[in-house]
Amino acid sequence: MKHVVIIGNGIAGVTAARHIRKKSDYHITIISSETKYFFSRTALMYVFMGHMKFEHTQPYENWFWKKNRIELVQAYVQKIDTTLKKLVLNNNTTITFDDLIIATGSTPNKFGWPGQNLKGVMGMYSKQDLDEINRYAKDCKRAVIVGGGLIGFEMAEMFASKNIPVTFLVRETSFWNKVLPAQESEMINKHIKEHHIDLRLNTNLIEILSDEHGRAKAIVTDKGETISCNLVGLTAGVSPNISFLKNSDIKTDKGVLVNRNLETNIPNIYAIGDCAEQQSVIGERRPIEAVWYTGRIMGETVARTICGIPTKYSPGHWFNSAKFFDIEYQTYGWITALPKENEARFYWEHKDGKKCLHFNFDKISRKFIGINTLGIRLRHQLFDRWLTEEKSIEYVLEHLKDANFDPEFYKQYEEEIITKFNSENGTTLTAKKKSWKRIFA
Amino acid sequence: MKAIKNIGYFLTFLGFAFFIGSVFTGTHKVTTATYENWIQSKNIKSEYFINHTQKAIVDQQMSTWELSQIILDQAKASNQYQKSQPKTDWSKIIHLKWSKTSKDFIYPLARASVIGWYKQHPTLWFLITFGFAILGGLMIFIPNYKLLGPAGIKNNGIFQHSATNKGIIGFITAFFFMAFYVLLYFFPNYIINPILSVNGINQFLSGNDAGQWFLYGVMYCSVMTVFAVRMFIKYRHNSYQLLRTTVVLFFQIAFGFLIPEILVAFNKPWFDFKNAWPLNYTFFFDYNINNLLNSGHLGIFMLVWGIALTVIIVPIMVYFYGKRWYCSWVCGCGGLAETLGDPYRQLSDKSLFSWKVERWLIHGVLVFATLMTALTLYVYFAHIESWKVIAFGISAYDVQTWYGFFIGSIFSGVIGTGFYPIMGNRVWCRFGCPLAAYMGFVQRFKSKFRITTNGGQCISCGNCSTYCEQGIDVRAYAQKGQNIVRSSCVGCGICSAVCPRGVLKLENGSDTGISRTQVNDILLGNDMDLLSMTKKNS
């Protein structure tokens, strides 16, 4: 019987294993050095904050793996022998495979800052990172977070929840403004400050200073300021975790290079998730996407290929979500920080400054291109359909009530939104009543 | 703000200290008239018992404990004496059973004979118990408006605090809850001083003296009110929670407490219009039916209403809105669980094993309740006395008694509420409530209600499952892109509230069939060759 070995037990690897099991009787082995059982990485912050215990981040009970005949090996893969189809593990055992899936995820970036390896300096990615944060947070007087992305934000939120003062160094002039348009970015800036985070925009880290015990005691910024702190979070993005492939025949660039079938240059070896780098462009997606659901989709896809139905990786319309303290963010389709030449934008913001919708559409054809929403939930299913059917901005606005996904009895703003659009565009649109018929169509 | 909170803790502690402390103090003095009334109403024929107790207690001052002990000792001695006679006169035997003797035999005498400070100062006594605890509770929770920061989900530290993570405080709380229910159900003779704290209110409402159930009613409403304020602050950003909490509080205070008491004041039967059979398991008991039949038009209306509630209103409402309309919007048990119980919701077990136990238990109770009621109605219409043995040496009365003891008292009260800090706030609703089981069938198989999963947005974080009070593994559905359609869901809406990615929405869709529970092989967002995509139903 074919032996499928998966390196990495994150969402990509585990989804692949589950779908291979659904479709086949192959012998499946998952190898991970991080934890024995799959857990949701995105939930680690909640363990620190006391919303959950670590066991709550595990989506499957421990008996699940045996019942589904998925073998779990807790070890680190040191070497891959592609000719003998053999893996060498750090516990000096070897595992042979027929098919190999590399799903090793990412590792936090470190840009050679002086002092980046001091005690009390850490990323926020793995279970081990969480353990270390727990250890150093105990006597933390001030934490400095470096890097204005989503993980940096998570870390700021974590320390704030423990009433630890946080200084947040962001290279950009406004939070996450390479992704978010100015209005959304500004809303988040304000919300960060509302939560008493010392937000330093347009500020870079120069070095981290050590105390006599080799622990961080302060950081120096490019503004010449020294900020004392005894915990430093480095969250300047992530890169594929593929250093163990250095001396193998598997072709890599930033990540493991794969074709649309997620195959590497070596037959029977595949790469999925954060560590995979697409050789051909897929729409406007980046070649490496460290996003939860793309990992899952790659897992769903590669399972079919391995089970005898060669299948192309075909992620649909772009979507994503996040939460910034109390403000939820969702996006469907594309709306970049700055409008492209053919694009027009429509922005509505609620007077409380915590809700907004930002629409992107084609100036000439009126085709709806994408939307950002803060503080209002929207229905994925409908936006996916509207994007596929290339609906116009007018259609989307008129049917916006169908797409509202806020809990019942929440105040709805469709009329207000459409009135603003009408006054800016000289149109006479009206909001259609919510229709289950259309939603289920 | 912190200072206000600390004063609040102190006041609450003081209120409870007085309340509990009064159990160990207080005086009784049985007058001759009281004594004779009691002997008559309890139909006591044993001269031995009368001779020995009359002298010992009438016109003597003593504590509840002494009084209870004398009666119990003498009853035992009397029984021994009667049995040692050449021919035992069974009419002189006093039936003793731990779960009944204190409440039915001793309590009435103790309640009627209480004297002393607590009785003379009803208002002051109310103020330094209920007054302190309510005021203190509000002072603990209201500062959270500022202390917790901007509105939003604030579950920080829940699993790091002894009270909410099965620590020592949690176990002490559980012990306190359980002890209270044991005293309330089985030994009310020991909580007469606490009962006196609400005597004034009962006098005002219906002109009657308060009993243990009136005390329970006032406590229930007070606790719910204080913890509803906590909910209003914690979920002030969430209209669903605000409205739901307001409504469930209203139904408890109006329908569960005030209306029944007002009915009594007008010499009508005590009747809770929202309490549906089989949760209200005594509805078809002969004494209740006879009582309603003898109460004129209103009584007949109550009888018809009670039947219609179970047979028509409940299933129709569940069809349109799911069982949440009852469990987390109307029900008294649900009301307590959603207010006092909210801090404990994360403690419910989410394992597959517990789900199996749940299904056996709750459906077992439903079968038990149905059989007991069937038997009750059979003996009622066949004009058989309820204490007469039907079969296997068992009478309808026996079955009713067992149900009342094991399900009505132990399961729903002592365990159901006592285990809040250990097994979560819906122990009764999840494992025991027969009405929930009945509505669960409708909700699972024929209802518009579901929790919709928002396409492919789920990140499997687990907040939804963790905070599900019913122990539903919400994430297991959400991460598959499947709607959550479960018979146990009470629609509290917290999974949707705590979701960081806007994945869950409670809604009443138009479809009621298979499409409600359909699950696709792959989630929305994956466009791989759709032609060969398989669909299946779960």
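Residues numbered from 1 in each chain as written. Chains lettered and ligands numbered in written order. Predicted model: local features only at pLDDT ≥ 70, side-chain atom pairs only at ≥ 80, totals over all residues. Heavy atoms only, no water.

**Overview of a nonpolar patch on the surface**
Heads up, the rule is: Patches here: salt-bridge-free residues with over 30% relative accessible area, like charges joined within 9 Å, nonpolar side chains (Val, Leu, Ile, Met, Phe, Trp, Tyr) joined within 5 Å. Here the open area of atoms and residues is found with the Shrake-Rupley method and a 1.4 Å probe, where only the protein chains shown may cover a residue. Any Lys or Arg side-chain nitrogen located within 4 Å of an Asp or Glu carboxyl oxygen qualifies as a salt bridge. A run of H or I in DSSP becomes a helix once it reaches four residues, and a run of E becomes a strand once it reaches two; helices and strands are each numbered from the N terminus.
Together, Ile307(B), Val311(B), Ile312(B), Ile316(B), Phe320(B) and Tyr321(B) give the surface a local cluster of nonpolar side chains, amounting to about 530 Å² of exposed area. When you line up the elements, Tyr321(B) lands in helix α15 (residues 296-321).

**Notes on the interface of chain B and chain A**
Heads up, the condition is: Only heavy atoms enter the contact rule, under which two residues are in contact if any of them lie within 4.5 Å. In protein, a polar contact requires one atom able to donate a hydrogen and another able to accept it; more generally it is a pair of N or O atoms within 3.5 Å, and residues adjacent in sequence count only if both atoms are side-chain atoms. Each residue gets one label: Ala, Val, Leu, Ile, Met, Phe, Trp, Tyr, Cys and Pro are nonpolar, Asp, Glu, Lys and Arg are charged, and the others, such as Gly, are polar.
Each partner contributes to the interface: chain B provides 66 residues, whereas chain A provides 65 residues. The salt bridge partner of Lys22(A) is Asp521(B), with a shortest N-O separation of 3.7 Å. For the pair chain B and chain A, the interface holds 35 residue pairs in polar contact (both at pLDDT 80 or more). Broken down by element, the residue count for the side of chain B that touches chain A peaks at five residues, all from strand β7 (residues 504-508) of chain B. Across the side of chain B that touches chain A, the residue classes break down as 23 nonpolar, 29 polar and 14 charged.

**Considering the sheet that holds strand β24 (residues 356-362) of chain A**
Residues and elements named next belong to chain A. Formally: Here, any two strands with at least 2 DSSP bridges between them count as paired. Only the stretch in contact is used when a helix axis is fitted, and all axes are lines through C-alpha atoms; the angle between N-to-C directions ranges over 0 to 180 degrees.
A sheet is described by the order of its strands in space; here five strands give the open sequence β21-β22-β25-β24-β23, paired in antiparallel fashion. Each of the sheet's edge strands pairs with one partner strand only, and the pair in question is β21 (319-324) and β23 (343-349). Neighbour-to-neighbour, the strand axes of this sheet turn through a mean angle of 10°, independent of strand direction. As paired strands, β23 and β24 are joined by seven bridges and run antiparallel to one another. When the bridges of β24 are listed, Glu 343 appears paired with Asp 362. Of the strands in this sheet, β23 and β24 touch helix α11 (residues 414-425), which is tilted by about 135° from β23.

**Concerning the UniProt feature "transmembrane region" (unreviewed entry) in chain B**
All names here are of chain B. Here is the rule we go by: UniProt positions are given in the numbering used here, feature names are shortened, and annotations may be inferred rather than shown by experiment.
Here, the residues flagged by UniProt with the feature "transmembrane region" (unreviewed entry) are residues 7-25, 124-147, 168-187, 213-233, 245-266, 298-321, 360-381 and 401-422. End C-alpha atoms of residues 124-147 are separated by 33 Å, and the span's content is 92% helix alongside 0% strand. Helix makes up 82% of residues 401-422 and strand makes up 0%, while its end C-alpha atoms are separated by 28 Å.

**Digging into the UniProt feature "domain: FAD/NAD(P)-binding" (unreviewed entry) in chain A**
Following the UniProt record, the feature "domain: FAD/NAD(P)-binding" (unreviewed entry) maps to residues 3-279 of chain A here. As a span, residues 3-279 of chain A carries 22% helix and 29% strand, and end to end its C-alpha atoms are 27 Å apart.

**Observations regarding the sheet that holds strand β1 (residues 27-29) of chain B**
The strand order across the open sheet formed by three strands is β2-β1-β3 (chain B), and the pairing between neighbours is antiparallel. Two strands in the sheet have a free side with no partner beyond their single neighbour: β2 (61-62) and β3 (114-115) of chain B.

**Quick look at the nonpolar core**
Residue and element names in this part refer to chain A. Our working definition: Residues belong to one nonpolar core when they are buried, are Ala, Val, Leu, Ile, Met, Phe, Trp, Tyr or Cys, and are joined through side-chain atoms within 4.5 Å. For the exposure calls, accessible area comes from a 1.4 Å probe over protein chains only, and a residue counts as buried if that area is under 20% of its type's maximum, exposed if over 50%, partly exposed in between.
Ranked by size, the top nonpolar core spans 132 residues in total, and within it Ile 102, Phe 159 and Phe 359 carry the most contacts. With seven residues, the single largest contributor to this core is helix α7 (residues 292-306). Ignoring sequence-local partners within four residues, the contact set of Phe 159 consists of Phe 48, Ile 133, Ala 137, Ala 143, Ile 145, Ile 164, Val 166 and Leu 231.

**Looking at helix α18 (residues 352-381) of chain B**
For the record, the criterion: In this scheme, a helix's expected span is set at 1.5 Å multiplied by one less than its residue total.
An ideal rise of 1.5 Å per residue puts 44 Å on 30 residues; α18(B) measures up with 43 Å between its terminal C-alpha atoms. Two residues or fewer after α18(B) comes His383(B), characterised by a positive phi angle close to 55°.

**Let's talk about unusual backbone geometry**
Phi is mostly negative for residues that are not glycine, and the peptide bonds are mostly trans. Along the chain, Trp277(B) connects to Pro278(B) via a cis peptide bond; the corresponding omega equals 5°. As for its placement among the helices and strands, Pro278(B) is situated in the loop between α13 (239-265) and α14 (286-293). Backbone geometry places Phe409(A), a non-glycine residue, at a positive phi of 70°. If you trace the backbone, Phe409(A) turns up in the loop between α10 (400-403) and α11. Accessibility expressed as a relative area gives 47% for Phe409(A), which makes it partly exposed. Here the phi dihedral of Asn43(B) falls at roughly 60°; this positive angle occurs in a residue that is not glycine. Within the secondary structure layout, Asn43(B) lies in the loop between α2 (32-41) and α3 (47-57).

**Regarding the pairing of strand β7 (residues 99-102) of chain A**
Residue and element names in this part refer to chain A. Of the two faces of β7, the one lined by Asp 99 and Ile 101 and the one lined by Leu 100 and Ile 102 are each fully buried. Examined bridge by bridge, strand β1 (residues 3-7) and β7 share four bridges and lie parallel to one another. In the sheet register, Val 5 faces β7, and the bridge partner there is Leu 100. Where β7 meets strand β19 (residues 269-271), three bridges bridge the pair, whose relative direction is parallel. Directly across from Leu 100, in β19, lies its bridge partner Ile 269.

**Here's the deal with the pairing of β21(A)**
Here is the key point about a regular strand: its side chains alternate between the two faces of the sheet. Residues and elements named next belong to chain A. Burial analysis of β21 places six of its six residues in the buried class, the great majority of the element. Bridge analysis of β21 against strand β22 (residues 327-333) gives six bridges, and the strand direction is antiparallel. Bridge pairing in β22 links Asn 320 to Thr 331.

**Focus: the packing of aromatic side chains**
The relative placement of two aromatic rings is captured by the distance of their centres and the angle of their planes. Heads up, the rule is: Centre distance within 6.5 Å is the pairing criterion for rings of Phe, Tyr and Trp, where only the six-membered ring of Trp is used; planes under 30 degrees apart are then read as stacked, over 60 as edge-to-face, and the remainder as tilted. A positively charged side chain is recorded as over a ring if its NZ (Lys) or CZ (Arg) lies within 6 Å of the ring centre. The angle to the ring normal must also be within 35 degrees.
This model, assessed by the stated rule, comprises 82 aromatic pairs over all chains. Positioned over the ring face of Tyr395(A) is Lys391(A), at 4.5 Å from the centre of the ring. Above the ring of Tyr145(B), the side-chain terminus of Arg236(B) is found at 4.2 Å from the ring centroid.

**Quick word on the confidence of the model for chain B**
For residues with low pLDDT, the predicted coordinates do not support detailed interpretation. All names here are of chain B. Our working rule: Known as pLDDT, the predictor's confidence for each residue is given on a scale from 0 to 100.
With 98% of its residues at a pLDDT of 70 or more, chain B has an overall mean of 93. This model gives residues 533-538 a pLDDT under 50, and the stretch forms 13 contacts once residues within four places in sequence are excluded. Interface scoring of the predicted complex returns ipTM 0.96; its pTM is 0.95.

**Remarks on the packing of helix α9 (residues 168-186) of chain B against helix α12 (residues 212-234) of chain B**
All names here are of chain B. Quick reminder of the rule: The crossing is said to be left-handed when, going from far helix to near helix, the turn is anticlockwise and less than a right angle, and right-handed when the turn is clockwise.
Packing of α9 against α12 brings their axes to within 9 Å, and their N-to-C directions diverge by 145°. Relative to α12, the crossing made by α9 is left-handed. Listed contacts from α12 to Phe 180, Tyr 181, Leu 184 and Tyr 185 of α9 are Gln 212, Trp 213, Tyr 216 and Met 219. Residues of the contact of α9 with α12, tallied by class, amount to seven nonpolar, one polar and no charged.

**A look at the packing of helix α7 (residues 122-141) of chain B against α12(B)**
Residues and elements named next belong to chain B. Worth spelling out the cut-off: Geometric relationships in this document are graded by angle, where less than 35 degrees denotes roughly parallel, more than 145 denotes roughly antiparallel, 65 to 115 denotes roughly perpendicular, and other angles denote oblique.
Between α7 and α12, the least distance of the axes is 9 Å, while the angle of their chain directions is 15°. Judged by the angle between their axes, α7 and α12 are roughly parallel. Seen from above, α7 lies across α12 with right-handed handedness. Together, Phe 130, Ile 134, Gly 137, Leu 138 and Phe 141 of α7 and Leu 215, Val 218, Met 219, Ser 222, Val 226, Phe 227, Val 229, Arg 230 and Ile 233 of α12 make up the contact between the two elements. Across the contact of α7 with α12, the residue classes break down as eleven nonpolar, two polar and one charged.

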